[in-house]
Amino acid sequence: MTIARSAFLPVVALLSALTCAAQTSTSQISGTVRDASGAVVPGAAVTLTNEATGVVQKQIATEAGVYAFPAIPVGVYTVRVEASGFKSFVRTGNTVQINTPVTVDVGLEVGTASESVQISAAAETLQTTTATIGNVVEQRAIVSLPLNGRNPLNLLMYEPGVVQRSGNTVNVNGARSTAVNVTIDGIEANESTYSNPTNNIFRLNPDNVQEFKVTTLNPSPEEGRNSGANVSIATRSGTNRFHGSVFEFFRNTALNAKEFYANAQGSPKPMIQLNQYGFEIGGPIRKNRTFFFGSWQGQKVNFADPVDKVFGAVDLYTPAALSGLYRYWVADPRNPLVIGGQRITQNSQLLVDPRTGQYAPGVRNCAGAGDVNCVASFNIFAADPARTGLDSAVKSVLGGYPAPNSFSAGDGLNTGAYQWNTPVRIRGPQHLLRVDHTINSRHTVFFRWLGAKQSTLNGDPLNGRPVVIPGYPPRGEVFRPATNIALGFRSVLSPRLVNELTLGFSRWQFLFTQGEANPAFPNSPRFTFNNSDVDYTANPRTYRAVNTPQFVENLSYLTGGHVMRFGANVRFYQHNDQRGDVGGTSLTPAISLLRTTRPPAGFTFPAVATATTAGIAPTDLNRLQGTVNDLLGIPAGLRQVFMGDLKNDTFLPFRSGEKMVSLWAQGQRAKQYNFFAQDEWKLRKNMTVNYGVRWELNPPPTEAGGRVYVPNRAIDGSEGPVTFVHADRWYRNFNRGALAP
């Protein structure tokens, strides 16, 4: 319950604030009609006109002098009040924002109806009927403020109570980053497993958003569901005037300064060529009755990031090492070489020029056995008892890689790094179409279709899967199509009863191709080397598709001094997953060459250095053994993880076709039923009492393929041996008691 007094008194929140049409993207205008003495004027005729569209609504004030227009679109309205024996009252410029009800109290003066009192609502109206804390981000701010990437939801990070964490992750008033609910015209717009609002999975842009509200504290019973914040977005609609624009936003490498550290390393400026272009147009189809709005944005984004930024240092063997010649530093234990103030006791990047790999001044090859403070060599192929040489399968992988071009990483003598700017392309259109139609004075309807495709091509730098080495396929690409549809009906069932029904459907997908980005998949190599990175990943794709049919029903009833609202919000989630990587375990066969598992046998390696005798450093010996395994292809382990088919009591093969592999698949199904009732009671002129209740019924989710297996007793074994048994649902608690004021 909240008690809201006049503008001169504080708002006291007792239980929860109400009267906020948070289930949809509409709002409300209400007020009380009084005469000069402060007495209520029942039966006054109230007319509400949308100044942009000319759409008119009418109502008669109740016996308590109260009027209310619930479920109206955002916009600017004129309120006109007429009553016998009084001058007409006209107030223009009443701005109605999303989920932010406006109170326009009317004071009538004695006179004739032909006389009128004209008032312009220039000053902001102080909110005195609700204790909900939040802020509306208007279209002017969305369009005018700089937005990198043109994502309007990034403005959330500047709201009071919102804290930005890593990347674009946000926390609201200390709640978890995923405790945020986002709706577009009342329809679901969340990623089901990680609902970070700034992800903008339906690719809204500044041209198709009218405004949005962020409720951060004291949500109304209509909102609920999430403890962090509720973000309600209203899309743009047409008006009685034609309007449109054509635009292009761009960034280019030529306009950027050179980055300090890249300049210090002699690296070129990373490429960025960003072009976002499109149009928006809106206007009347039939004046004062039917309106349209449409927008389209294309994008052509090409950029390149340093590979060590998105992947890490790319370690590669030098040509000498691939030929079997392993070099190692032999230090004089009594008087080791000092370079740059550092004692050199093993292979080091300080031994070579960081750009060319040539020996640094004062570094030389050993003249013979017993020489110290010099570079010695070990010929792997000559020392191999089997004289097998470079393994052909290994050669097919490592033999095609370029030589290192930087020795700021690696051991300096046998491995270095390959540094370059790995290129990425982003493509995909974003579009919106909306039509609003007034059927008659009692019924209106709108339809809105929002769609987008976001494709990250030639690499996936955000998840560390770029093109690692020039000329090779990327380690993955990402495809994110999304669709969000809304169909809304507003009906004045009687002068006191208004119904608002919104039907919606949202579908979003993502596909992380991973191994499939390589044309050789699933026949790509399987090696895990000791001292060299590789261009490929053999893990199969990750795919997700989430469908959410939804309907939202709100009923508003005006009686006496009460504005009552009742509603339901029902969502049916269909969450479908396919994975080739389950719980961090890859299903791909793998060959490990790790020397820690299987050190090479039959070799006579150089003697290990001690505190008094020269030799190969222990770290360098470990690398030498790893190099032996790498070049000769000595397997240390073969791993294959199989998925169990519990229904048929068997295991699935890795290959399921010429280019297909078996994937872990699940189809989760969840139903959410949310109901609320609330009342705004205008008790007297300077006091409004709000109270209500919300009930959330969320039954346990099920699985479409009947693949639900749960433990038969406490998982910790305290009740005896645990086995997993088939079940209809993942848990038993229906949480029917989730009812609160």
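Cut-off values and rules
Residues numbered from 1 in each chain as written. Predicted model: local features only at pLDDT ≥ 70, side-chain atom pairs only at ≥ 80, totals over all residues. Heavy atoms only, no water. Helix = DSSP H or I, 4+ residues; strand = E, 2+ residues; numbered from the N terminus. Rg over C-alpha atoms; globule rule 2.2 N^0.38 Å. Buried < 20%, exposed > 50% of the residue type's maximum accessible area, 1.4 Å probe, protein only. Contact = heavy atoms within 4.5 Å. Areas by Shrake-Rupley, 256 points an atom, 1.4 Å probe, with all protein chains shown as cover. Lys, Arg positive; Asp, Glu negative; His and termini not counted. Charge placed at Lys NZ, Arg CZ, Asp CG, Glu CD. Expected span 1.5 Å × (residues − 1). Core = buried A, V, L, I, M, F, W, Y, C linked by side-chain atoms within 4.5 Å. Disulfide = S-S within 2.5 Å. Polar contact = N/O pair within 3.5 Å; in protein donor to acceptor, adjacent residues only side chain to side chain. Salt bridge = Lys/Arg side-chain N within 4 Å of Asp/Glu carboxyl O. Phe/Tyr/Trp six-rings, centres within 6.5 Å; stacked < 30°, edge-to-face > 60°. Lys NZ or Arg CZ within 6 Å of the ring centre and 35° of its normal.

Chemist: What am I meant to see in the overall build of the chain here?
Modeler: Within the chain one finds 7 helices and 47 strands. Taking 27 Å as the expected radius of gyration for a compact globule of 741 residues, we find that the chain reaches 34 Å, considerably beyond that expectation. Reported as C-alpha extents along the three principal axes, the dimensions of the chain are approximately 120 × 65 × 45 Å. The 741 residues of the chain split such that 51% are buried. In the chain, once contacts between residues fewer than 6 apart in sequence are set aside, the share between residues at least 24 apart is 71%. For the chain, the exposed area adds up to about 33,300 Å²; of that, 56% sits on carbon and sulfur atoms. Across the chain, 66 positive and 51 negative side-chain charges occur, with their mean positions spaced 2 Å apart.

Chemist: I would appreciate a short explanation of helix α7 (residues 618-632) in the present structure.
Modeler: Turn by turn, an α-helix covers 3.6 residues, leaving residues three or four places apart pointing in a common direction. Counted at 1.5 Å a residue, the expected span for α7 with its 15 residues is 21 Å, and the 21 Å between its end C-alpha atoms agrees. Listed as buried for α7 are D620, L621, L624, Q625, G626, T627, V628, N629, D630, L631 and L632. At the C-terminal side of α7, G633 shows a positive phi close to 65°.

Chemist: Please clarify how the nonpolar core should be interpreted in this entry.
Modeler: For soluble globular proteins, nonpolar side chains are generally found buried alongside one another. Judged by nonpolar contacts, the single largest core of 36 residues is most densely connected at I380, V397, L398, Y401, F529, L624 and V628. For this core, the secondary-structure elements that each account for two or more residues are β22 (315-317), α4 (319-322), β23 (325-330), β26 (374-379), α5 (380-383), α6 (392-398) and α7. At 5 residues, α7 tops the list of elements feeding residues into this core. The next biggest cluster of nonpolar side chains, apart from the first, holds 32 residues, and it includes L147, V170, I233 and F293.

Chemist: Teacher, can you tell me more about the state of the cysteines here?
Modeler: Cysteine pairs can be covalently joined through their sulfur atoms, and such a bond is termed a disulfide. Enumeration over the complete set of coordinates arrives at 1 disulfide. A sulfur-sulfur separation of 1.9 Å characterises the disulfide bridge that pairs C366 with C374. Classification of the bridge connecting C366 and C374 rests on its S-S torsion, roughly 90°, and on that basis the disulfide is right-handed. Taking relative accessible area as the criterion, C374 reaches 0% and is therefore assigned buried.

Chemist: Where do I start with the side chain of R150 in this structure?
Modeler: Examined against the element boundaries, R150 turns out to sit in the loop between α1 (139-144) and β13 (162-164). On the basis of relative accessibility, which here comes to 8%, the residue R150 falls in the buried class. Here the side chain of R150 touches D207 through a polar contact of 2.7 Å, side chain to side chain. Leaving out residues up to four positions away in the same chain, R150 has contacts with L204, N205, P206, D207, F247, F249, Q276 and Q297.

Chemist: I keep staring at the pattern of salt bridges and nothing clicks. Help me out?
Modeler: Throughout the structure, instances matching the rule amount to 17 salt bridges. K87 is the salt-bridge partner of E109, the closest N and O atoms lying 3.7 Å from each other. In this pair, E109 is assigned in the loop between β10 (106-107) and β11 (116-120) and K87 in the loop between β7 (75-82) and β8 (88-96), connecting sequence segments 22 residues apart. Between D305 and K309 there is a salt bridge; the shortest N-O distance is 3.9 Å.

Chemist: Even after reading the chapter, I still don't get the packing of aromatic side chains, so can you show me in this structure?
Modeler: For the coordinates displayed, the defined rule picks out 13 aromatic pairs. With a centroid separation of 5.7 Å and 40° between ring planes, the pair formed by F378 and F605 is classed as tilted. Of the two residues, F378 is situated in strand β26 and F605 in the loop between β38 (590-592) and α7; the sequence distance between them amounts to 227 residues. With relative accessibility at 9%, the residue F378 sits in the buried group. Each ring, one from Y401 and one from Y472, has its centre 5.3 Å from the other, and the planes form 75°; the classification is edge-to-face. Residue Y401 is found in the loop between α6 and β27 (415-417), and its partner Y472 is found in the loop between β30 (443-457) and β31 (478-494); the two are separated by 71 residues along the sequence. Residue Y472 is classed as partly exposed on the basis of its relative accessible area of 25%. By the ring-pair criterion, three or more aromatic residues cluster together here, those being Y277, F279 and W296. Lying across the ring of F446, R434 places its NZ or CZ 4.4 Å from the centre. Against the face of F734 rests R736, its NZ or CZ located 4.3 Å from the ring centre.

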